[in-house]
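Listed here are the chains, written in short residue letters.
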Amino acid sequence: MLGSLPGEASLRQQRYYAHPSNRFWHLAGAVIGVDLPALGYEARLRALDDAGIGLWDTIASARREGSLDTALREIEARPLADFVAALPQLRAVAFNGAASASIGRRQLGEPDGLTLVDLPSSSAANAAMPLAEKQARWDILRKFLD
């Protein structure tokens, strides 16, 4: 699961998806069948790992005022192709939001035997899509779980 770059709240707390209005933990928890928001951060990460899900970012570094992806400047993308090549059991890469998908797809191209999944952003900034619709779109990830 690849986001773009952690926002200010996440960077301050040194935790993925730390902003309380971000719905990542709810959406991912529903996919794996675990109430992730009820768990502490380390337990959340373990539950994702147990389900075969890892977290990372498509952006290695960037300049940004605030937390919105639209404010990203001077973007340096991660070398995702090298990363994916080192994970032969990887079946899918999911992008959390349009910015992550745009950057990640440029890095990965059309990888053989790997499914790329564009997901609606879990961010509260993506409020135009109701949570139920986001969840329905995220539920596709279930078919890639062991």
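Check the entry above for the structure.
Fair warning: this is a prediction, and the values are worked out from it, not measured in the lab.

**Q** Looking at this structure, I do not really get the packing of helix H2 (residues 24–32) against helix H3 (residues 41–50). What am I missing?
**A** Relative orientation and spacing of two packed helices are given, respectively, by the angle between their axes and the distance between those axes. As a packed pair, H2 and H3 sit with axes 11 Å apart at the nearest point and diverge in direction by 40°. Here H2 is positioned oblique relative to H3, judged by the angle of their axes. Considering only the axes of H2 and H3, their crossing is left-handed. Contacts between H2 and H3 involve Phe-24, Trp-25, Ala-28 and Ile-32 on the former and, on the latter, Tyr-41, Arg-44, Leu-45, Ala-47 and Leu-48. Of the residues in the contact of H2 with H3, the class split is 8 nonpolar, no polar and 1 charged.

**Q** Honestly, the layout of surface pockets in this entry has me stumped. Any pointers?
**A** Gaps left between atoms show up when a probe the size of a water molecule is rolled over them. Taken as a whole, the second largest pocket encloses approximately 530 Å³ of empty space. Forming the boundary of the second largest pocket are 21 residues, of which Gly-52, Ile-53, Gly-54, Leu-90 and Ala-92 lie nearest the centre. Secondary-structure elements contributing two or more residues to the lining of the second largest pocket are helix H4 (80–85) and strand S5 (92–96).

**Q** Is there a simple way to explain the side chain of Arg-44 in this structure?
**A** Locating Arg-44 in the fold gives a position in helix H3. With no salt bridge to any partner, buried Arg-44 finds its closest opposite charge in Asp-35, at an N-O distance of 7.7 Å. Once you skip the residues sitting within four places of it in the chain, Arg-44 turns out to touch Trp-25, Leu-36, Pro-37 and Leu-39.

Cut-offs used in this document
- Residues numbered from 1 in each chain as written.
- Predicted model: local features only at pLDDT ≥ 70, side-chain atom pairs only at ≥ 80, totals over all residues.
- Heavy atoms only, no water.
- Axes fitted to C-alpha atoms, helices over the stretch in contact; angles between N-to-C directions.
- Helix = DSSP H or I, 4+ residues; strand = E, 2+ residues; numbered from the N terminus.
- Parallel < 35°, antiparallel > 145°, perpendicular 65-115°, else oblique.
- Left-handed = near helix turned anticlockwise from the far one by under 90°.
- Contact = heavy atoms within 4.5 Å.
- Nonpolar A, V, L, I, M, F, W, Y, C, P; charged D, E, K, R; others polar.
- 1 Å grid on protein atoms, 1.4 Å probe; cavity = no way out; pocket = protein on both sides within 12 Å on 5 of 7 lines; lining within 4 Å.
- Points joined across faces, edges and corners; volume = space filled by probe spheres on them.
- Buried < 20%, exposed > 50% of the residue type's maximum accessible area, 1.4 Å probe, protein only.
- Lys, Arg positive; Asp, Glu negative; His and termini not counted.
- Salt bridge = Lys/Arg side-chain N within 4 Å of Asp/Glu carboxyl O.

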